[in-house]
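Residues per chain are reported as follows:
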Amino acid sequence: MSQNQAKHLKDYSAPHFSISDIDLNVILDGENTQVIANSHIKRSHDHQFDLVLDGEQLTLKSVKLNGLPCEYRQTDSTLVITTDEKEFQLEIITGLNPEANTSLEGLYMSDGAYCTQCEAEGFRRITYFLDRPDVLAKYTVRIEADKAQFPYLLSNGNLIEQGEMPRSGRHFVRWQDPFPKPSYLFALVAGDFDLLEDKFITQSGREVKLQVFVDKGNLHKAGHAIESLKKSMKWDEERFNLEYDLDIYMIVAVDFFNMGAMENKGLNVFNTKYVLADKASATDEDYHGIESVVGHEYFHNWTGNRVTCRDWFQLSLKEGLTVFRDQEFSSDMGSRAVNRIHAIKVMKNQQFAEDSGPMSHPIRPESVIEMNNFYTVTVYDKGAEVIRMMHTILGEQGFQAGMKCYFERHDGQAVTCDDFVNAMETASGIDLQQFRRWYSQAGTPIVTVNETFDPQSGQYKIELKQTVSSQGVKGQTLHIPFSIELLDATGKSKVNQVLDFTKASQCFTFDGFTSMPVASLLQDFSAPVKLVYDVNFDQLVHLMRFASSEVARWEASVQLFSQSVWHNVAQLQDKQSMMVDSRVIEAFRGVILSDELDHALIAEILTLTTAASLIEQVDHVDLDALQIAREFVIEQIASACEDELIARYRELSDKDCAPQRAFKNAALLLLATVSDEYEQYVIKQYQNASNMTDSLAALKAATQGQFACLPMLLADFESKWKDTPLVMDKWFMLQAVANDADVINKIKSLTHHSSFSFANPNRIRSLIGAFAAANTYQFHRNDGLGYQYLTSILIKLNKSNPQVASRMITPLIQFAKFDPHRQDLMKQALVTLRELPDLSKDLYEKVEKALK
Ligand code: B3K
Ligand code: ZN
């Protein structure tokens, strides 16, 4: 099957033709939409190749070369033009049906509005084109549609003309984008919206018009997005000296969207989830997510749009760098430690899992069947960690010099990850030869630590060994920035530095100790590696109290909790009784009582490690023992600290501030595991809540404690929010992740709820995606019903929206850690999928790799 053939990075060759300008005329007319594309095309050099344009699911109406009919042929996915001309004008007319487009790629309809999604390869569903990121063209776009239904007609760049079409009730606009861009950044939106406007004055004094378009009736929920945009624009000027370049910046929020948002030049299209917020309907976490995604898309204007990718294997060039930039933005705006903790959790819980599973790939993949499958935590988040390591090695000043050099060299170009590292190297004078291996090697490196202390000489010695392999292939030694702090017995910091760990095995020595120091290793996750290190309860308790880094304190708490759980798993397997060491309890009590730690950090520490994350720490898991042991340790900590938790809960109850809310709600969740007594607290909090964070936390606590009030609270919530889809997503999710033996039947009946729709990715993700990814015990039921249910949904989505299906299959292909019985059941489910007659290439790629 040719559509399932992989493309390889090593086969890259420059395009045979360039397209300097394209004039698009899009006549929006429901199922009879027409696109007239007029391109100015030039042969790149003296060659005889045909012009091969990409195109999918298009009805070709006419082709003219320099105004005349010409020779061409069509395949399923190409239009081949045969000509000797060196430079010519090509007019192609295609017909498309956006109303029937359920894949949400190319031109489609979202709740009565037209919109587009072209990254990675969606433009080829709009017209035949050289749909690859290294073909940069200037776009002029005319859009025509019914005026009453679609009063706003938007595209990239600046509005240059608009007018009415006499008697037809239609109107048109023309947009021109002065910056040459790849086709994946093209966007078009047509619809009727509420509009929030503002402005931003750039550092050089130019005025930029800011517009946020939202569904009618949602204007009051657009404020946080536009504030976030202004903050992003200012931050990029201050920290990176990067200024916005057009006179207008538009954000359109749509309900039907496959991912979070899209950075189209001057016209971002957003999932409503990352735009709409008010206190009643959005949680503190939602507010944070909006700020971060608005920032991310804005930062792409330089890292992605002005300098783009040569080919899709280079995706991390723009995504890793832009995630790094959005993480820095969030850290400069809020708590650096908490933001870092969130990034570390993504790495350890999701990226490590991806990297030890069948989809393991380097941050610059070498072979791809379906590009949409590579918008991964590896390319994005590990990619950002690789950028962060360069930042650590070069320092802020060296890194900024590298960024400056990168833009001086490559503004307006489509380049590679190597070009980026070269700029960093030139500007800083630091050799990054060995460091480059991070781009080509998959797998999580394992660093084994051995410490010794010589009381005679007072010398502390640490030996580090690294190995990396992926799917049986051994990798080369990496340059690992390894951050270490050494604390003495009184908790004083004696050493705090980043070691250049560049050899397979390397020793570092430190003098001047009177006793064995306690080491805080890989502080702030200075490199995306796994540590193998013997650390005992006393050392962890010392780190929790004294480590200079707040992240290291959190990390020590995670280890303390995890060790306790694993200890009890072993006890269960040996048929011994379970117990929690008093040092563990006292360490958590100390955190609850602390008046020194930031409340948001305390909340992080009290949000005890999930089962999924514990599974990531081991090679094989006994899931049934894990569940019992984890619940036991949580209950022990919570009941031992009950008084302190109640006191803190009461003290923080009336504070209207996100960190305090987080602490209070983490306390409530723990109390709910102690006894039914706390049902009253939950009901009271639900009834008195003045914001969504508190309402939802009450519902979560009721679910956790399996309180009798839960059905009543859920019904109340439903009746309040049934007309607000984004809030109903929270309601769906809450029920999907409940550890309830009947949850699959409940999910099945929820798919018939009037707020649910299989056409909307947000709904699917919040009900079925959440079940598969976050309901560890029920998804991995011993009878295989969880796997069977997910499979039945994937079969359905395989046809309507393969991209969403392919994202949701992840927990089914990461089976290696489970027992043979569960592995068999998961593989059977994958075989069922493999046998589908019309398996999409998105699912094909993952299923094949998993079953190999
Ligand atoms: N660049 C887009 C993601 C496109 C995904 C295509 N399947 C959003 C972002 O990373 O900013
Ligand atoms: Zn991005």
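In this text the structure is predicted, and so the values were computed from the model without any measurement.

1. With respect to the pattern of salt bridges
Consideration 1: For the structure on display, the rule yields 67 salt bridges.
Consideration 2: Among the salt bridges present, the one from Glu 370 reaches Lys 841, with a minimum N-O distance of 4.0 Å. Within this pair, whereas Glu 370 is found in the loop between strand E23 (367–368) and helix H5 (377–410), its partner Lys 841 is found in helix H27 (residues 841–851), the two being separated by 471 residues in sequence.
Consideration 3: One network of salt bridges, in which partners are shared, links Arg 239, Glu 328, Asp 332, Arg 336, Arg 388 and Glu 396.

2. Re the UniProt feature "domain: Peptidase M1 alanyl aminopeptidase Ig-like fold" (unreviewed entry) in the chain
Consideration 1: Listed under "domain: Peptidase M1 alanyl aminopeptidase Ig-like fold" (unreviewed entry) in the UniProt record, and renumbered for this structure, are residues 443–534.
Consideration 2: Between the end C-alpha atoms of residues 443–534 the distance is 23 Å, and the span holds 0% helix and 57% strand.

3. Here's the deal with the coordination of the zinc ion (ligand 2)
Consideration 1: For the zinc ion (ligand 2), every protein donor is listed as His 296 (NE2), His 300 (NE2) and Glu 319 (OE), and the spread of their distances is 1.9 to 2.0 Å.
Consideration 2: When the donors of the zinc ion (ligand 2) are listed by position in the chain, the intervening gaps give H-x3-H-x18-E. Here Glu 319 lies in helix H3 (residues 315–333) and His 300 lies in the loop between helix H2 (284–299) and strand E22 (308–309), a separation of 19 residues in the sequence.
Consideration 3: The class for Glu 319 is buried, based on a relative accessible area of 1%.

4. Quick word on the packing of helix H16 (residues 679–688) against helix H17 (residues 692–704)
Consideration 1: Direction vectors running N to C along H16 and H17 enclose 155°, while the axes themselves pass 8 Å from each other. Compared by their axis directions, H16 and H17 come out roughly antiparallel. In this structure, H16 crosses over H17, and the sense of that crossing is left-handed. Packed against H16, whose contacting residues are Val 682, Gln 685 and Tyr 686, the element H17 presents Asp 694, Ser 695, Ala 697, Ala 698, Leu 699, Ala 701 and Ala 702 at the interface.

5. Observations regarding the UniProt feature "domain: Peptidase M1 alanyl aminopeptidase C-terminal" (unreviewed entry) in the chain
Consideration 1: Sequence positions flagged by UniProt for "domain: Peptidase M1 alanyl aminopeptidase C-terminal" (unreviewed entry) are, in local numbering, residues 538–852.
Consideration 2: The straight-line gap between the two end C-alpha atoms of residues 538–852 is 45 Å; of that span, 72% is helix and 0% is strand.

6. Concerning the packing of helix H4 (residues 336–355) against H5
Consideration 1: Contact geometry of H4 with H5 gives a least axis separation of 10 Å together with a crossing angle of 125°. Considering their axes alone, H4 and H5 lie oblique with respect to each other. Seen along the crossing, H4 lies across H5 with a hand that is left-handed. Residues Arg 340, Ala 343, Val 346, Met 347, Gln 350, Gln 351, Glu 354 and Asp 355 of H4 lie in contact with H5, whose contacting residues are Val 377, Thr 378, Asp 381, Lys 382, Glu 385 and Arg 388.
Consideration 2: Taken together, the residues of the contact of H4 with H5 break down into 4 nonpolar, 3 polar and 7 charged.

7. Observations regarding the packing of aromatic side chains
Consideration 1: Under the counting rule described, the total for this entry stands at 36 aromatic pairs.
Consideration 2: Judged by centre distance (5.0 Å) and plane angle (50°), the rings of Tyr 114 and Phe 150 are tilted. With Tyr 114 in strand E11 (residues 113–117) and Phe 150 in the loop between strand E12 (137–146) and strand E13 (152–155), this pair connects stretches of sequence that are 36 residues apart. Across this residue pair, the class does not change: Tyr 114 and Phe 150 are buried.
Consideration 3: With 5.9 Å between their ring centres and 85° between their planes, Phe 771 and Phe 779 make a pair best called edge-to-face. Phe 779 carries the same exposure label as Phe 771, and that label is buried.
Consideration 4: Feature note: the residues Trp 235, Phe 240, Tyr 244, Tyr 249, Tyr 298, Phe 299 and Phe 329 constitute an aromatic cluster, connected by ring pairs.

8. Structural notes on helix H14 (residues 642–652)
Residues three or four positions apart in an α-helix share a direction because the helix packs 3.6 residues into each turn.
Consideration 1: Taken as a whole, H14 has its buried residues at Glu 642, Glu 644, Leu 645, Ile 646, Arg 648, Tyr 649 and Leu 652.
Consideration 2: Residues of H14 that are buried make contact with helix H10 (582–593), helix H11 (599–606), helix H13 (623–640), helix H15 (658–672) and H16.

9. Structural notes on the sheet that holds strand E26 (residues 459–467)
Note on sheets: strands pair through backbone hydrogen bonds, and any given pair is parallel or antiparallel.
Consideration 1: Strand order in the open sheet made by the 4 strands is E31-E26-E25-E33, with mixed pairing throughout. The outermost strands of the open sheet, each flanked by one partner alone, are strand E31 (505–510) and strand E33 (530–532). With strand direction ignored, the average angle separating the axes of adjacent strands in the sheet is 25°.

10. Examining the site of ligand 1
Consideration 1: If you check the shell around ligand 1, you find 14 residues, and the closest are Glu 119, Glu 263, Glu 297, Asn 372 and Tyr 380.
Consideration 2: At 3.1 Å, a side-chain N or O of His 296 approaches an oxygen atom of ligand 1.
Consideration 3: With the chains in place, 94% of the 330 Å² that ligand 1 exposes on its own is no longer accessible.
Consideration 4: Contributions of two or more residues to the shell around ligand 1 are made by strand E20 (261–262), H2 and H3.
Consideration 5: Taken together, the residues of the shell around ligand 1 break down into 5 nonpolar, 4 polar and 5 charged.

11. Quick word on the pairing of strand E32 (residues 518–521)
Consideration 1: Because side chains alternate across E32, one face comprises the buried residues Val 518 and Ser 520, and the other comprises Ala 519 and Leu 521, equally buried.
Consideration 2: The pairing of strand E29 (residues 480–487) with E32 spans 4 bridges and is classified as antiparallel. Bridge assignment links Glu 485 to a residue of E32, and that residue is Ser 520.

12. Concerning the side chain of Gln 506
Consideration 1: Within the element layout of this structure, Gln 506 appears in strand E31.
Consideration 2: Taking the relative accessible area as the measure of exposure, Gln 506 reaches 12% and is therefore buried.
Consideration 3: Within the structure, Gln 506 has its side chain in polar contact with the backbone oxygen of Asp 500 (distance 3.2 Å).
Consideration 4: A polar side-chain atom of Gln 506 sits 3.0 Å from the main-chain amide nitrogen of Lys 503.
Consideration 5: When sequence neighbours within four positions are dropped, the list of residues in contact with Gln 506 reads Ile 462, Glu 463, Leu 464, Asp 500 and Phe 501.

13. Examining the sheet that holds strand E5 (residues 59–65)
Consideration 1: Here 8 strands make up an open sheet; going across it, the order is E6-E5-E9-E3-E2-E12-E15-E14 and the pairing mixed. One side of each edge strand has no neighbouring strand; the edge strands of this open sheet are strand E6 (68–69) and strand E14 (158–165).
Consideration 2: The pairing of strand E2 (residues 17–27) with E12 spans 7 bridges and is parallel. Across the sheet, the residue bridging to Ile 27 is Glu 144, located in E12.

14. Thoughts on the nonpolar core
Consideration 1: Ranked by internal contacts, the top residues of the largest apolar core, which has 282 residues, are Leu 24, Leu 90, Met 390, Phe 420, Phe 510 and Leu 812.
Consideration 2: Looking at which element gives the most residues to this core, the answer is H5, with 13 residues.

15. As for the pairing of strand E30 (residues 493–501)
Consideration 1: The pairing of E29 with E30 spans 8 bridges and is classified as antiparallel. Looking across to E30, one finds that Glu 485 is bridged to Asn 496.

16. Here's the deal with the side chain of Thr 140
Consideration 1: Here Thr 140 lies in strand E12.
Consideration 2: One polar contact links Thr 140 to Gln 176, side chain to side chain, over a distance of 3.5 Å.
Consideration 3: Residues contacting Thr 140, with those up to four places away along its chain left out, are Ile 22, Asp 23, Leu 24, Ile 160, Arg 174, Trp 175 and Gln 176.

Basis of the calculations
Residues numbered from 1 in each chain as written. Chains lettered and ligands numbered in written order. Predicted model: local features only at pLDDT ≥ 70, side-chain atom pairs only at ≥ 80, totals over all residues. Heavy atoms only, no water. Salt bridge = Lys/Arg side-chain N within 4 Å of Asp/Glu carboxyl O. Helix = DSSP H or I, 4+ residues; strand = E, 2+ residues; numbered from the N terminus. UniProt positions renumbered as here; feature names shortened; annotations may be inferred. Donors = N, O, S within 2.8 Å, 3.2 Å for Na, K, Ca; no water. Buried < 20%, exposed > 50% of the residue type's maximum accessible area, 1.4 Å probe, protein only. Axes fitted to C-alpha atoms, helices over the stretch in contact; angles between N-to-C directions. Parallel < 35°, antiparallel > 145°, perpendicular 65-115°, else oblique. Left-handed = near helix turned anticlockwise from the far one by under 90°. Contact = heavy atoms within 4.5 Å. Nonpolar A, V, L, I, M, F, W, Y, C, P; charged D, E, K, R; others polar. Phe/Tyr/Trp six-rings, centres within 6.5 Å; stacked < 30°, edge-to-face > 60°. Pairing = 2+ DSSP bridges. Near = heavy atom within 4 Å. Polar contact = N/O pair within 3.5 Å; in protein donor to acceptor, adjacent residues only side chain to side chain. Areas by Shrake-Rupley, 256 points an atom, 1.4 Å probe, with all protein chains shown as cover. Core = buried A, V, L, I, M, F, W, Y, C linked by side-chain atoms within 4.5 Å.

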